[in-house]
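Given next are the chains, with one letter for each unit.
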Amino acid sequence: MTAPDLSSSASIEPGGGKLFRLADLPVPMVYATHRIIRDCNFEFAETFGYERHELIDQSFSRLYPKIRDFVRTGEMWRTNFAGGKVYHDERVMRRRDGSSFWCRVRGRSRNLADPFAEALYCFEPMNRAIAGNASLISDRQKQVLTLVSQGKTNAQIAQEIGLSKRTIEAHRARIMRAYGLRNSAELIAWFSSLR
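What counts and what doesn't
- Residues numbered from 1 in each chain as written.
- Predicted model: local features only at pLDDT ≥ 70, side-chain atom pairs only at ≥ 80, totals over all residues.
- Heavy atoms only, no water.
- Pairing = 2+ DSSP bridges.
- Helix = DSSP H or I, 4+ residues; strand = E, 2+ residues; numbered from the N terminus.
- Axes fitted to C-alpha atoms, helices over the stretch in contact; angles between N-to-C directions.
- Parallel < 35°, antiparallel > 145°, perpendicular 65-115°, else oblique.
- Left-handed = near helix turned anticlockwise from the far one by under 90°.
- Contact = heavy atoms within 4.5 Å.
- Nonpolar A, V, L, I, M, F, W, Y, C, P; charged D, E, K, R; others polar.
- Core = buried A, V, L, I, M, F, W, Y, C linked by side-chain atoms within 4.5 Å.
- Buried < 20%, exposed > 50% of the residue type's maximum accessible area, 1.4 Å probe, protein only.
- Domains from an automatic or database assignment.
- 1 Å grid on protein atoms, 1.4 Å probe; cavity = no way out; pocket = protein on both sides within 12 Å on 5 of 7 lines; lining within 4 Å.
- Points joined across faces, edges and corners; volume = space filled by probe spheres on them.

Peer 1: What should I look at first to understand the pairing of strand E7 (residues 100-109) in this one?
Peer 2: Working note: regular strand, side chains alternate between the two faces of the sheet. Pairing between strand E6 (residues 86-94) and E7: nine bridges, direction antiparallel. Bridge pairing in E7 links Met 93 to Phe 101. Count of turn residues in the E6/E7 antiparallel hairpin: five residues, of which Gly 98 carries a positive phi of about 90°. Judged from the seven bridges that link them, E7 and strand E8 (residues 119-125) form a sheet pairing that is antiparallel. When the sheet's bridge partners are listed, Arg 106 is paired in E8 with Cys 122.

Right, here's the structure in full:
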């Protein structure tokens, strides 16, 4: 599949609207097909410490701390990203030098049937420290707590990540008991302090 040339000059859309080049956008943007970076702007490459040409035709997996983070994020997005919806989350990403940082990612699929077939993403670095004690909870617990902090119910989380509602409740209860947290508000505040 040949990617559209998103770095070429702006053009006029039918009806008089103007289309902008990816390179013209002042935020880190990327165009991808099946989670392979097909085009990105300078701001995106700079965010991760690469030259733009080093990321073209590369998998997003190289930008994650662990391959399992890449896989789990894909599972969550596949569930929520379908049908041309805009989806977003917050996650830890990895720069070229190996350092990690928090990032808010928003995306929109251009293919209603397959959300990863063709999509645009905006990566917004966040000024949030990576806490060393975040390693005290498992990757699955982090995934559950990320969805809790987005306001999702146990049932919604269970459906999204393919676990039972009871398993989600158990993850939450285990963390709350271990850290002396009394309610969801304290749980979210505690998790936010880790991020």
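Peer 1: I would appreciate a short explanation of the packing of helix H5 (residues 154-161) against helix H6 (residues 165-179) in the present structure.
Peer 2: Each pair of packed helices can be described by the angle between their axes along with the distance between the axes. Packing of H5 against H6 leaves a shortest axis separation of 8 Å and a crossing angle of 110°. Looking at the two axes, H5 sits roughly perpendicular to H6. Here the hand of the crossing between H5 and H6 comes out right-handed. Seen from H5, the contacting residues are Asn 154, Ala 155, Ile 157, Ala 158 and Ile 161; seen from H6, they are Lys 165, Ile 168, Glu 169 and Arg 172. Grouping the constituent residues of the contact of H5 with H6 by class yields five nonpolar, one polar and three charged.

Peer 1: Whenever I open this one, the nonpolar core confuses me. Can you help?
Peer 2: If you look at soluble globular proteins, the nonpolar side chains tend to sit buried side by side. Phe 44, Phe 60, Leu 63, Tyr 121 and Phe 123 are the most contacted members of the largest nonpolar core, which has 32 residues in total. Mapped onto the domain boundaries, this core takes at least three residues apiece from domain 1 (22-125) and domain 2 (139-193). Setting aside residues no more than four positions away along its own chain, Phe 60 makes contact with Val 30, Ala 32, Arg 35, Ile 37, Phe 44, Phe 70, Tyr 121 and Phe 123. Membership of the second largest hydrophobic core comes to eight residues, among which are Leu 145, Met 176, Trp 190 and Phe 191.

Peer 1: What exactly am I supposed to notice about the side chain of Gln 143 here?
Peer 2: Along the chain, Gln 143 falls in helix H4 (residues 139-149). Gln 143 gets classed as buried once you look at its relative accessible area, which sits at 7%. In contact with Gln 143, other than residues within four places in its own chain, are Arg 72, Met 76 and Ile 161.

Peer 1: When you look at the sheet that holds strand E5 (residues 58-59) in this model, what are you seeing that I'm missing?
Peer 2: Backbone hydrogen bonds are what pair the strands of a sheet, in a parallel or an antiparallel way. Pairing is antiparallel across the open sheet formed by six strands, whose spatial order is E5-E4-E3-E8-E7-E6. Looking at which strands have only one partner, the edges of the open sheet turn out to be E5 and E6. Strand direction decides the pairing type here: strand E4 (residues 36-40) and E5, joined by two bridges, are antiparallel. Residue pairing across strands places Ile 37 opposite Gln 58, the latter belonging to E5.

Peer 1: Teacher, can you tell me more about the environment of Phe 116 here?
Peer 2: If you trace the backbone, Phe 116 turns up in the loop between E7 and E8. Distance in space between the C-alpha atoms of Phe 116 and Arg 35 is 6.3 Å, their sequence separation being 81 residues. Residues in contact with Phe 116, not counting those within four places in the same chain, are Ala 32, Thr 33, His 34, Arg 35, Gly 74, Trp 77, Arg 78, Phe 81 and Tyr 121.

Peer 1: Looking at this structure, how should I read empty space enclosed by the protein?
Peer 2: Over the atoms rolls a probe the size of a water molecule, and in doing so it shows where empty space is left. This structure, assessed with the given rule, holds one cavity of 30 Å³ or more. By volume, the largest cavity amounts to about 90 Å³. Lining the largest cavity, in full, are Arg 35, Phe 60, Tyr 64, Thr 73, Gly 74, Trp 77, Arg 91, Val 105, Phe 116, Tyr 121 and Phe 123. Among the secondary structure elements, those contributing two or more residues to the lining of the largest cavity are helix H3 (67-80) and E8. Ranked by the residues each element gives to the lining of the largest cavity, the list is headed by H3, at three residues. Grouping the amino acids of the lining of the largest cavity by side-chain chemistry returns seven nonpolar, two polar and two charged.

By themselves, these are just geometric observations and shouldn't be taken as functional.
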